[in-house]
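# Observations on the three-dimensional arrangement
Read off the chains here:
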Amino acid sequence: MDSLVILIAVLVLAGFVGYTVISKVPNTLHTPLMSGTNAIHGIVVLGGLLLMAESSGFLEKLLLVIAVAFGTINVVGGFLVTDRMLEMFKGKRREEPAAAPKPDGSEGS
Amino acid sequence: MTALGTVFLQTKDFIYAAYIVAFALLIYGMTGLTGPKTAVRGNKIAAVGMAIAVVATLLREHEFSGSGTVWLILLGVVIGTAVGVPAALKVRMTAMPQMVALFNGVGGGAVALIAWIEFRHHFGGGYPLRVEIFELFGAIVGSISFWGSNIAFGKLQEILPSRPIKLPGRAQTVVNVGLFLVAVASAIVLSSGTHSQALFILGILVVSAILGNLVVLPIGGADMPVVISLLNAFTGLSAAATGVGLDNPVMIVAGMIVGASGTILTNLMAKAMNRSVPAIVAGGFGGEVSAPVSASSDGRSYRSTSAQDVAIQLAYARQVVVAPGYGMAVAQAQHAVRALEKALEAKGVIVKYAIHPVAGRMPGHMNVLLAEADVPYDLLREMDDINPEFPRTDVTLVIGANDVTNPAAESDPGSPIYGMPSLEVDRSAAVVVLKRSMASGFAGIDNPLFYDPKTSMLFGDAKASVTELTAEVQAL
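Structure report, in brief.

Procedures and definitions
- Residues numbered from 1 in each chain as written.
- Chains lettered and ligands numbered in written order.
- Predicted model: local features only at pLDDT ≥ 70, side-chain atom pairs only at ≥ 80, totals over all residues.
- Heavy atoms only, no water.
- Helix = DSSP H or I, 4+ residues; strand = E, 2+ residues; numbered from the N terminus.
- Buried < 20%, exposed > 50% of the residue type's maximum accessible area, 1.4 Å probe, protein only.
- Contact = heavy atoms within 4.5 Å.
- Areas by Shrake-Rupley, 256 points an atom, 1.4 Å probe, with all protein chains shown as cover.
- Polar contact = N/O pair within 3.5 Å; in protein donor to acceptor, adjacent residues only side chain to side chain.
- Axes fitted to C-alpha atoms, helices over the stretch in contact; angles between N-to-C directions.
- Parallel < 35°, antiparallel > 145°, perpendicular 65-115°, else oblique.
- Left-handed = near helix turned anticlockwise from the far one by under 90°.
- Nonpolar A, V, L, I, M, F, W, Y, C, P; charged D, E, K, R; others polar.
- Pairing = 2+ DSSP bridges.
- Expected span 1.5 Å × (residues − 1).
- Phe/Tyr/Trp six-rings, centres within 6.5 Å; stacked < 30°, edge-to-face > 60°.
- Lys NZ or Arg CZ within 6 Å of the ring centre and 35° of its normal.
- Patch = residues over 30% accessible without salt bridge, like charges linked within 9 Å, V, L, I, M, F, W, Y side chains within 5 Å.
- Salt bridge = Lys/Arg side-chain N within 4 Å of Asp/Glu carboxyl O.
- Arc of directions from axis to C-beta.

All right, on to the overall build of chain B then. For chain B, the helix and strand inventory stands at 18 helices and six strands. Burial analysis of chain B (476 residues in total) assigns 57% to the buried set. Here the contacts in chain B between residues at least 6 apart in sequence split such that 78% fall between residues at least 24 apart. As displayed, chain B has an accessible area near 18,100 Å², and 65% of this comes from carbon and sulfur atoms.

Dropping the structure here:
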């Protein structure tokens, strides 16, 4: 079978799996769900890793470093923040930093 | 490790097997999110799945070791970690919506950049059209998501005004549709082969970027829960599309899970507001209505009260329901509310929380804040469970919520939010509204609840008011 066909089959099946799994998440956990899935789409970092090897020229390398950095922020930040939130749902007290600096916007590219 | 072992670990089969383990863990981790007790573990399992996917991908890099690739990757990872970790550890729970918007944005930005590089590699043909379609989808949607999320972040962080910013009349819709068509047309031209591919892919990214800005700017802060989940779905779908382009199954599965989750949440939020997703994306909600905010000009009067009076009301009630809204988040009043709840419980009062699905700025926003303040989650009641309880409730305390408690949603067909399911707080014996002033809610919609004879208003900062209430209750 054509590999593209297989990939599209995976795409469709994964959509249904995602729908089924996520439908069962209660309202209470919607914010952690959102930030958890948010971390998961940081999987695009793999794209950056794969392309880095093939890249040539300063521009491409620069853009890919940015892409990898973006993806890493997405993954690492997403999972950590979700973990922090979920610990609260467990009812365990943790020290909350009283006045946190605002997250810095990393919109540069 | 022996040379043979190294070679085995770097075969395509091994890497693909690792990918399968990775996405199985991602899915298994997500199933853990169905309950508060298993959720922490679920999230960690998903993180392990992600780590396996990254390591497996790096195994492939042997082909180019020595070309500096490893260092560049490391550089990106270090920068990302240096930015992401402190942000995630320091962000306050009240700032969670903008944090999610920001993380979502960088994800979308990564997708757009990757799609761009992919195209640069395949200039001059040699790439099948059907794969290009997925990549162009990734480029357009990723770019929209990046810029849209940044605007959403700006609005939530109050760098940008959170009121709708839009062109007059239908011009905005025309411009947006036009830009979208330009992006799609460029994509078609690009994939059918042209001499200036470098220009076209850049054009697509720029047009999508403008579109992302223009789509989110007109959307008001109250609609942010919908926008954030929609953009989350977009980034997920674009990541999945990039996965098809790169022949990478784990990206497809992960992206689709996010796409599905974002789609479900978007629909839930839109349903909770009784509005369609396209209507929300069209934006401008409340913009026209808010112009003449005539709070009390039509002779209606409201009753202002004092913390002492409310404390007596509360302490002698049998059941009190707290209806929190975005105002509680802004005032950071969740811990004070929890203290009040405990003081009331010590007096034998039953306290419950009424959680409207779109209260706050993201799905489940109130739940997170109250969980942070250690409120047991069995006290949190969803709208459908709590509405039948209001007639049995002595006092309902509305803290920084407005539109979600608006009785006009049920009774006034002329109201812009008519038909939106709301918390029926006006059915309780008495209502106390904690509010800064008589200004109308975010959507700029007048709330008849405030003029109800049963309602009394306690003006001031929510945190200060609740703290005062607690002290008064304890003194009784």
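Okay, back to it.
Before going further, it helps to spend a moment on the side chain of B:Arg275. Residues and elements named next belong to chain B. Within the secondary structure, Arg-275 sits in the loop between helix H10 (249-272) and helix H11 (277-282). Take Arg-275: its relative accessible area is 15%, and that puts it in the buried class. For Arg-275, the side chain forms a polar contact with the side chain of Asp-223, separated by 3.0 Å.

Residues and elements named next belong to chain B. In the contact formed by helix H14 (residues 334-346) and helix H18 (residues 462-475), the axes pass within 9 Å of each other and the chain directions differ by 20°. By the angle between their directions, the pair H14 and H18 is classed as roughly parallel. At the point where H14 passes H18, the crossing takes the left-handed sense. Side by side, H14 and H18 meet where Ala-336, Val-337, Ala-339, Leu-340, Ala-343 and Leu-344 of the first sit next to Lys-463, Val-466, Thr-467, Leu-469, Thr-470, Val-473 and Gln-474 of the second. Among the residues making up the contact of H14 with H18, the classes are represented as nine nonpolar, three polar and one charged.

Attention now moves to the pairing of strand S5 (residues 430-435) of chain B. Residues and elements named next belong to chain B. Judged by how many residues are buried, S5 sits mostly within the fold: six of six residues are covered. Every second residue of S5 is oriented toward a common face, with Ala-430, Val-432 and Leu-434 on one face and Val-431, Val-433 and Lys-435 on the other, all of them buried. Across five bridges, strand S4 (residues 395-399) lies against S5 in parallel orientation. Residue Val-395 lies in a different strand from S5, and its bridge partner there is Ala-430.

This part is about the packing of helix H3 (residues 45-54) of chain A against helix H3 (residues 36-59) of chain B. Interhelical geometry of H3(A) versus H3(B) gives an angle of 10° and a closest axis separation of 10 Å. As summarised for this structure, H3(A) and H3(B) are arranged roughly parallel, according to the angle between their axes. In contact with A:Val45, A:Leu46, A:Leu49 and A:Leu50 of H3(A), H3(B) contributes B:Ala53, B:Val54, B:Thr57 and B:Leu58. Along the lines of polarity and charge, the residues of the contact of H3(A) with H3(B) split into seven nonpolar, one polar and no charged.

It helps to recall that an α-helix has 3.6 residues per turn; residues three or four apart then point in one direction. Residues and elements named next belong to chain B. Between the first and last C-alpha of H10 there are 35 Å, a value that for 24 residues agrees with the 34 Å anticipated at 1.5 Å per step. The element H10 is extensively covered by neighbouring structure, given that 20 of its 24 residues are classed as buried. For H10, the capping residue at the N-terminal end is Asn-248, with a side-chain oxygen 3.2 Å from the backbone nitrogen of Val-250.

Taken as a whole and assessed by the stated rule, the structure comprises four aromatic pairs over all chains. Plain terms: the ring middles of B:Phe146 and B:Trp147 are 5.0 Å apart, the flat faces sit at 75° to each other, and that makes the pair edge-to-face. On the accessibility criterion, B:Phe146 (4% relative accessible area) is buried. Taken together through their ring pairs, the aromatic side chains of A:Phe70, B:Phe146 and B:Trp147 make up a single cluster. One cation-aromatic arrangement involves B:Arg361 over B:Tyr326; the distance from NZ or CZ to the ring centre is 3.8 Å.

Bringing the pairing of S4(B) into the picture now. Residue and element names in this part refer to chain B. The element S4 is largely enclosed, with a buried count of five among its five residues. Here S4 shows no split at all, with Val-395, Leu-397 and Ile-399 on one side and Thr-396 and Val-398 on the other all buried. Relative to S4, strand S1 (residues 319-324) runs parallel, the two being bridged by five bridges. Residue pairing in the sheet places Val-321 in a bridge with Thr-396 of S4.

Residue and element names in this part refer to chain B. Spatial strand order, S3-S2-S1-S4-S5-S6: six strands in an open sheet with parallel pairing. Of all strands in the sheet, those with a lone pairing partner are strand S3 (380-382) and strand S6 (455-459), marking the two edges. For this sheet, the mean inter-axis angle between neighbouring strands, taken without regard to orientation, is 25°. The pairing of S5 with S6 spans five bridges and is classified as parallel. Among the inter-strand pairings, Lys-435 is bridged to a residue of S6, identified as Phe-459. Docked against the sheet, helix H12 (residues 307-315) engages S1, S4, S5 and S6, running at close to 135° with respect to S4. Strands in contact with helix H15 (residues 365-372) are S1, strand S2 (350-355) and S3; relative to S2, the strand with the most contacts, it is inclined by about 145°.

Here the focus is a nonpolar patch on the surface. On the surface, B:Val70, B:Trp71, B:Leu74 and B:Val78 cluster together into a nonpolar patch covering about 440 Å² of accessible area. Tracing the backbone shows B:Val78 in helix H4 (residues 69-90).

This model, assessed by the stated rule, comprises ten salt bridges over all chains. The residue B:Arg120 makes a salt bridge to A:Glu60 at a minimum N-O spacing of 3.0 Å. One end of the pair, B:Arg120, is in helix H5 (residues 96-121); the other, A:Glu60, is in helix H4 (residues 58-89), on a second chain. Across the pair B:Arg381 and B:Glu389 runs a salt bridge, and its minimum N-O distance is 3.7 Å. B:Glu389 sits in the buried class, given a relative accessible area of 10%.

Once that is clear, we can look at H18(B). Residues and elements named next belong to chain B. The end-to-end C-alpha distance of H18, which contains 14 residues, comes to 20 Å, matching closely the 20 Å that a straight helix rising 1.5 Å per residue would cover. Residues Ala-462, Ser-465, Val-466, Leu-469, Thr-470 and Val-473 constitute the buried set of H18. Taken around the axis of H18, the buried residues stretch over an arc of 140°, which confines them to a single face. For H18, exposure combined with an orientation more than 90 degrees from the buried face picks out Gln-474 and Ala-475. Where H18 is buried, its residues contact H12, helix H13 (326-331), H14, S4, S5 and S6. Where H18 begins, the capping side chain belongs to Asp-461, and its oxygen is found 3.2 Å from the backbone nitrogen of Lys-463.

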